[in-house]
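# Descriptive analysis of the structure
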Amino acid sequence: MSEEIKIGLETHLQLLTDSKLFCGCPTTGEDNPNSRVCPTCLGMPGARPRLNKRAVEMGIKVALALGCETPEEMNFSRKTYFYPDMPKNFQITQFSVPVGKNGEVTMELDGKEKTVRIKRVHIEEDPGKTKHVGGAVTSSDYVLVDYNRSGIPLCEIVTEPDLKSPEEARAFLRKLADIFEYLEVYDSSDEGTIRSDANVSTGGERAEVKNITGFKDTEKALRYEIRRQENLKKRGREVERETRAYDDSSGTTKSLRTKEEEADYGYIFEPDLTKIEIRSDWKERLGEEIPELPHEKKKRYVKEHGLSKEMAAAICSDFDLAKCFEALAKEKDTKLVGNILSGPVKKVLNYNEIRFKESELNREKLRKVVEMVESDEITERNAEMIIRDIAVEDKDPEKVKEEKGFGKVTGDKLEGTVEEVVKANKEAVKDYKQGKDEALNHLVGQIMKKSGGNADPQDARKLLMERIEE
Ligand SMILES: [Zn+2]
């Protein structure tokens, strides 16, 4: 990929408030179209917006957590556009004085630290949702509109074009979602609520790719767009400055229109909302409510609990998993808890593409698993098999252990198995004695097999070496 790749993201995350940004309509609940609406979020003439203080507080916290400057006074603006998803023909957003400016996010990718500058953070309302029936935008028979989403509070994060690859962009979004989750202003279990527009240039003009949802699709859309631009250049053609739409079914981007400038939106101050004063005592109080953030937590786990950087990173990337770790680390062997949570637990969550709070796991169940390993009732490998089961179904770990016939093979029984394996594999023993280390792995494998996976491979290896070297 080209050295000159520059990617900037404009990402919307939904703020976790009970009511909408400018009215009292609930943000969740009844899903029937147009069931959570009122004259304000329907944009009726004369209906006035009332600002949701919780949403503003969440916005300020985000700005502070991203190291942004926050203004003493801020206001909202009208962004004019004509489309049925916003019947009042403008969106209330922030333009000249946003809630945050000039911050940064530091993330880690392949062991290297990378800082992405944040240009601005602002709060705005979501438009409604349109559904084209019987065809695409231009060929559909008619359009349905649902205003339940209209007025849902969003926080938009705009980066400088500091991202250099699709992988970096994905890692950045993951980091952003983690920070929002720690601030408890965002529900990370629904990746579908993260939407980004990306500005991509590979040396020439930049194209904007609109409406990409989630982490994976961002990486895919960017990969496609970079390849498209590089192919154009190879054929001696220029990349045009334009807006493109990402189509997730084909994984491609399509031209929508030549890019509009900010001036095309004709921003004016929103006259129905007064300016909002961010007093220093208010800001201070909100600052105090900001918890230890993922990168701080990670450092502390390495320093205080002696976890490796990788283990700490795996645990801290899920807020509820980190909470579980901290509780169990107080009662049990920290290293063992760290091993189990960053290893099998994280693996199972990733495999099922769920967060800890969406799984059937909880502190009590994992405490039992840790206790069984601690008391040599099961091996760490057994623990992993049990966690696979109890993560997706509400089951008792002890019952799963019994069902699967797990029970750690130790002492005389293990020695007996070692003896059997040594006798039955004379060739491999000879090979090992002649310096072939892989022969030992083969023998350990035989012991594991004979014990039905219930031996600890480390114990088996140790005993085996003692027995062979006798
Ligand atoms: Zn409403």
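Residues numbered from 1 in each chain as written. Predicted model: local features only at pLDDT ≥ 70, side-chain atom pairs only at ≥ 80, totals over all residues. Heavy atoms only, no water.

Secondary structure assignment for the protein chain yields 15 helices and 15 strands. C-alpha atoms of the protein chain, sized along the principal axes, occupy 90 × 55 × 45 Å. In the protein chain, which comprises 470 residues, the share counted as buried stands at 50%. The long-range share in the protein chain, meaning contacts at least 24 apart out of those at least 6 apart in sequence, stands at 67%. Here the protein chain displays about 23,600 Å² of accessible surface, and carbon together with sulfur accounts for 46% of that area. Of the side-chain charges in the protein chain, 81 are positive and 93 negative, and the distance between the mean point of each set is 2 Å. (Helix = DSSP H or I, 4+ residues; strand = E, 2+ residues; numbered from the N terminus. Buried < 20%, exposed > 50% of the residue type's maximum accessible area, 1.4 Å probe, protein only. Contact = heavy atoms within 4.5 Å. Areas by Shrake-Rupley, 256 points an atom, 1.4 Å probe, with all protein chains shown as cover. Lys, Arg positive; Asp, Glu negative; His and termini not counted. Charge placed at Lys NZ, Arg CZ, Asp CG, Glu CD.)

Strand order in this open sheet of three strands is β4-β3-β14, and the pairing throughout is antiparallel. Since the sheet does not close on itself, it has two edges, and those belong to β4 (90-93) and β14 (268-269), each with one partner. Inspection of the sheet shows strand β3 (residues 77-80) paired to β14 by two bridges, in the antiparallel sense. By the bridge assignment, Ser77 is partnered in β14 with Phe269. (Pairing = 2+ DSSP bridges.)

When the domains of the protein chain are assigned, the result is domain 1 (6-285), domain 2 (292-404) and domain 3 (411-468). Between the C-alpha centres of domain 1 and domain 3 the distance comes to 59 Å. (Domains from an automatic or database assignment.)

The next point concerns the side chain of Thr253. Here Thr253 is to be found in strand β13 (residues 252-258). Here the side chain of Thr253 touches Glu225 through a polar contact of 2.8 Å, side chain to side chain. Leave out the neighbours within four places in its chain, and Thr253 touches Val209, Ala221, Tyr224, Glu225, Arg228, Arg244, Ala245 and Tyr246. (Polar contact = N/O pair within 3.5 Å; in protein donor to acceptor, adjacent residues only side chain to side chain.)

Turning next to helix α6 (residues 309-316). Listed in full, the buried residues belonging to α6 are Met311, Ala312, Ala314, Ile315 and Cys316. In this structure, the buried side of α6 is in contact with α2 (166-182), α5 (294-305), α7 (319-331) and α8 (334-352).

Membership of the largest hydrophobic core comes to 94 residues, with the highest contact counts inside it found for Ile157, Phe172, Phe180 and Leu341. At nine residues, the largest contribution of residues to this core is made by α2. Beyond its immediate stretch of four places on either side in the chain, Phe180 contacts Leu13, Leu15, Val62, Cys155, Ile157, Val185 and Tyr186. By size, the runner-up hydrophobic cluster in this structure holds 18 residues, among which are Val418, Ala428, Tyr432 and Leu464. (Core = buried A, V, L, I, M, F, W, Y, C linked by side-chain atoms within 4.5 Å.)

Looking at the secondary structure, you find Val97 in the loop between β4 and β5 (100-109). Note: C-alpha distance between Val97 and Thr243 (146 residues apart in sequence) is 26 Å.

Attention now goes to the coordination of the zinc ion. Here the zinc ion is held by the protein donor atoms Cys23 (SG), Cys25 (SG), Cys38 (SG) and Cys41 (SG), which lie 2.3 to 2.4 Å from it. Taken in sequence order, the residues that donate to the zinc ion follow the motif C-x1-C-x12-C-x2-C. Taken as a pair, Cys23 in the loop between β1 (6-14) and α1 (53-65) and Cys41 in the loop between β1 and α1 lie far apart in primary sequence, 18 residues in all. Look at Cys23 and you get buried, because its relative accessible area is 7%. (Donors = N, O, S within 2.8 Å, 3.2 Å for Na, K, Ca; no water.)

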